[in-house]
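Structural features, examined
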Amino acid sequence: MARRAVERELSRERILEAARHLFITKGYRAISMRSIGQHLGYSHGSLYYHFKEKAELFYAIVMKDFNDLALLLNKAAGKAPSDGVSKLEQLLLEFVRFGLNNPYQYEIMFMIRDEELLAYCRSEQSRCFDMFSALVRQHLLDNVYCEEERRNLPHTLFLSIHGFISFYIQDRISFEEIKPAAVSHVKVLCRNLYSRV
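One structure accompanies this document, and this report is about it. (Residues numbered from 1 in each chain as written. Predicted model: local features only at pLDDT ≥ 70, side-chain atom pairs only at ≥ 80, totals over all residues. Heavy atoms only, no water.)

The next thing to look at is the packing of aromatic side chains. Across all of its chains, the model carries 15 aromatic pairs by this definition. Taken together, a centroid distance of 5.6 Å and an interplanar angle of 65° make the contact between Phe95 and Phe132 edge-to-face. Taken together, the positions of Phe95 in helix 6 (residues 87-101) and Phe132 in helix 8 (residues 115-137) put the pair 37 residues apart, joining distant regions of the chain. Judged by its relative accessible area of 0%, Phe95 is buried. A residue is classified by how much of its surface remains accessible, and Phe132, at 0% relative accessible area, is buried. One Lys or Arg, Lys54, reaches over the ring of Tyr28 and ends 4.1 Å from the middle of that ring. (Phe/Tyr/Trp six-rings, centres within 6.5 Å; stacked < 30°, edge-to-face > 60°. Helix = DSSP H or I, 4+ residues; strand = E, 2+ residues; numbered from the N terminus. Buried < 20%, exposed > 50% of the residue type's maximum accessible area, 1.4 Å probe, protein only. Lys NZ or Arg CZ within 6 Å of the ring centre and 35° of its normal.)

Assignment of secondary structure puts Gly78 in helix 5 (residues 54-78). Gly78 sits 34 residues away from His44 along the chain, and the two C-alpha atoms are 42 Å apart.

Take the side chain of Glu94 next. Locating Glu94 in the fold gives a position in helix 6. Here Glu94 falls in the buried class, since its relative accessible area comes to 10%. Apart from residues no more than four positions distant in its own chain, Glu94 is found in contact with Leu72, Leu73 and Ala76. (Contact = heavy atoms within 4.5 Å.)

In structure tokens:
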């Protein structure tokens, strides 16, 4: 098969998915471009058409995953509330849905402990948290919360939903399987916020 035909078949998306899975299950240091190529059934040279090195591949995964989450949260923030769920609850539930339905992505984005890899994630984590905080603050009334509370509440909410996701993600439970518990968790969090009004 001609090189161009092979390169067309081996898409960036396929490489990202395979590498993400291998980085999580085997560890970043244990995986090489050669092993990713073998996993996909291609030579490692085919990967270099898309990525110059393993670090660039990892960063592309991080960027894609954070961009996907940002699109999802912005879409959730723009939807009208429905079924007795407030806009803030809707936002938090979408975050939980993303984490549980995309466990490999979520682990790389928020749960990786390797210091070298954290360097690739920190700026994207910060950008994501800033966006999350801005969306949450849209639902905090100025006349109810002081400036310090408005600054700290998004962090508190993030930690709470991150804890929920972290607890269930290890068992690879989907959002639909745990939806009643997720809704209950989010409603309790938001009830405490709304009790101030």
